[in-house]
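Here are the chains, one letter per residue:
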Amino acid sequence: INPVTLADSGTYTCEITNTVATDLTLYSRPVNITVEVTLCEMISNWEDITPPWESSAPGTFIVDTVENPDKTGINPSDSCAKLTTTTDNNEFMWYDLPDGEIWSFNTHPVYKLMVNAPTEGDIVLRFVNSDLTAGVNRFAHYSNPGLWEELVFDFTGVALDSLIRMVVYPDYGGTTEGNEWY
C-alpha cells in the first residue's frame with residue numbers, strides 16, 4: 001500500500017485466480033496491518049528559523065526567541081521561544097502557513113511541544129481553518145515546573161481540512177502575571 005494512511009489499518013487477504021485453471025482460486029491467510037502514527041514534532045529547536053509568530057496582545061504579550069534556559073535533558077537546543085504571561089487568561093500566539101499550504105491530520109495527526117515554565121498549567125494547541133470559522137483544540141497539562149517536558153497533542157480522526165493557522169495558548173486559564181513560559 002503506497003501511500004499508506006491511517007484508514008489502511010485492517011485485515012487483508014490475497015486472492016489469486018488463473019485464466020487457465022478457472023476453477024482454482026488460492027487464498028492467503030488473513031494478514032493484519034496496523035498503521036502507526038509517526039509523531040510530528042512542532043518546533044523545539046529555534047536555530048536558523050524565524051517563524052512569523054503573532055501575539056494576541058502585541059506590546060504586552062510578546063513572543064521572543066531567546067537562549068534556552070536549560071540545555072540539559074530532553075531539549076538541548078540553543079534557542080527557544082519565550083512568552084511572558086499577563087493577567088489575561090486567554091493570551092495566545094499564532095502562526096499562519098504560507099498561501100497554499102495546509103496542515104493535514106491525515107498525514108500528521110500528532111504534534112509535540114516542549115515546555116518549560118515556573119508553574120504547572122494547561123497548554124492548548126489549536127488549528128483553525130482558512131476563513132477562521134472553524135477550529136479544533138487539544139489540551140495538555142504541564143506538570144514539571146522548572147524542567148522541560150514534552151507535551152503531546154493528538155488530532156487523530158479530526159475531519160477538518162483547510163487548516164492554515166496553528167495557535168498556542170500557554171498557561172491557559174492562568175492569571176499570574178510575569179511567568180516566563182519557554
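Note that this is a predicted model, so its numbers are computed, not measured. (Residues numbered from 1 in each chain as written. Predicted model: local features only at pLDDT ≥ 70, side-chain atom pairs only at ≥ 80, totals over all residues. Heavy atoms only, no water.)

Caption draft 1: Spatial organisation of the overall build of the chain. A count of helices and strands for the chain gives zero helices and 15 strands. Buried positions account for 36% of the 182 residues belonging to the chain. For the chain, the proportion of contacts with a sequence separation of at least 24, taken over those separated by at least 6, is 66%. Total accessible area computed for the chain in this model is approximately 10,700 Å², and 49% of it derives from carbon and sulfur atoms. (Helix = DSSP H or I, 4+ residues; strand = E, 2+ residues; numbered from the N terminus. Buried < 20%, exposed > 50% of the residue type's maximum accessible area, 1.4 Å probe, protein only. Contact = heavy atoms within 4.5 Å. Areas by Shrake-Rupley, 256 points an atom, 1.4 Å probe, with all protein chains shown as cover.)

Caption draft 2: Looking closely at the pattern of salt bridges. Scanning the entire structure with this criterion turns up five salt bridges. Measuring nitrogen to oxygen at the nearest pair gives 3.7 Å for the salt bridge that ties lysine 71 to aspartate 78. Here lysine 71 falls in the partly exposed class, since its relative accessible area comes to 35%. Residue class for aspartate 78 comes out partly exposed when judged on its relative accessible area of 44%. A network of salt bridges, in which partner residues are shared, links Glu67, Lys71 and Asp78. (Salt bridge = Lys/Arg side-chain N within 4 Å of Asp/Glu carboxyl O.)

Caption draft 3: Up close: the sheet that holds strand β8 (residues 79–84). Taken together, three strands build an open sheet; the order of strands is β7-β8-β15 and the sheet is antiparallel. Of all the strands in the sheet, just β7 (63–67) and β15 (180–181) have a single pairing partner and so form its edges. Looking at chain direction, β7 and β8 are connected through five bridges and run antiparallel. Bridging across to β8, glutamate 67 finds its partner in serine 79. (Pairing = 2+ DSSP bridges.)

Caption draft 4: Main features of the environment of serine 79. With respect to the helices, strands and loops of the structure, serine 79 is situated in strand β8. A sequence separation of 13 residues divides serine 79 from valine 66, and the C-alpha atoms of the two residues are 5.5 Å apart.

Caption draft 5: Local environment of unusual backbone geometry. Phi is positive for leucine 132, which is not a glycine, with a value near 60 degrees. Note on placement: leucine 132 falls in the loop between β11 (121–129) and β12 (135–142). Positioned with a positive phi, aspartate 171 is a non-glycine residue whose angle comes to about 50 degrees. Overall, the relative accessible area of 8% leaves aspartate 171 in the buried class.

Caption draft 6: Summary view of a nonpolar patch on the surface. Residues Tyr12, Val31 and Ile33 make up a contiguous nonpolar surface patch of about 230 Å² in total accessible area. Take isoleucine 33: it is sitting in strand β4 (residues 31–33). (Patch = residues over 30% accessible without salt bridge, like charges linked within 9 Å, V, L, I, M, F, W, Y side chains within 5 Å.)

Caption draft 7: Structural detail: the nonpolar core. Core analysis: the biggest nonpolar cluster contains 25 residues, and Trp103, Phe105, Ile123, Leu125, Phe127, Phe153 and Phe155 have the highest contact counts within it. Taken together, the elements giving at least two residues each to this core come down to β9 (93–96), β10 (110–115), β11, β12, β13 (149–154) and β14 (163–172). Grouped together as the second largest cluster of nonpolar side chains are five residues, Trp94, Val124, Val128 and Val167 included. (Core = buried A, V, L, I, M, F, W, Y, C linked by side-chain atoms within 4.5 Å.)

Caption draft 8: The arrangement of the sheet that holds strand β6 (residues 54–55) in detail. Taken together, five strands build an open sheet; the order of strands is β6-β9-β14-β11-β12 and the sheet is antiparallel. Strands at the two margins of the open sheet, each flanked by one partner only, are β6 and β12. Note: β9 against β14, four bridges, orientation antiparallel. Along β14, the bridge assignment pairs methionine 93 with valine 168.

Caption draft 9: Seen up close, the pairing of β13. Judged by which residues are buried, β13 turns out to be one-sided: Glu149, Leu151 and Phe153 face inward and are buried, whereas Glu150, Val152 and Asp154, on the alternate face, are not. The pairing of β10 with β13 spans six bridges and is antiparallel. Paired with lysine 112 across the two strands is valine 152, which belongs to β13.

None of this, on its own, says anything about what the molecule does.
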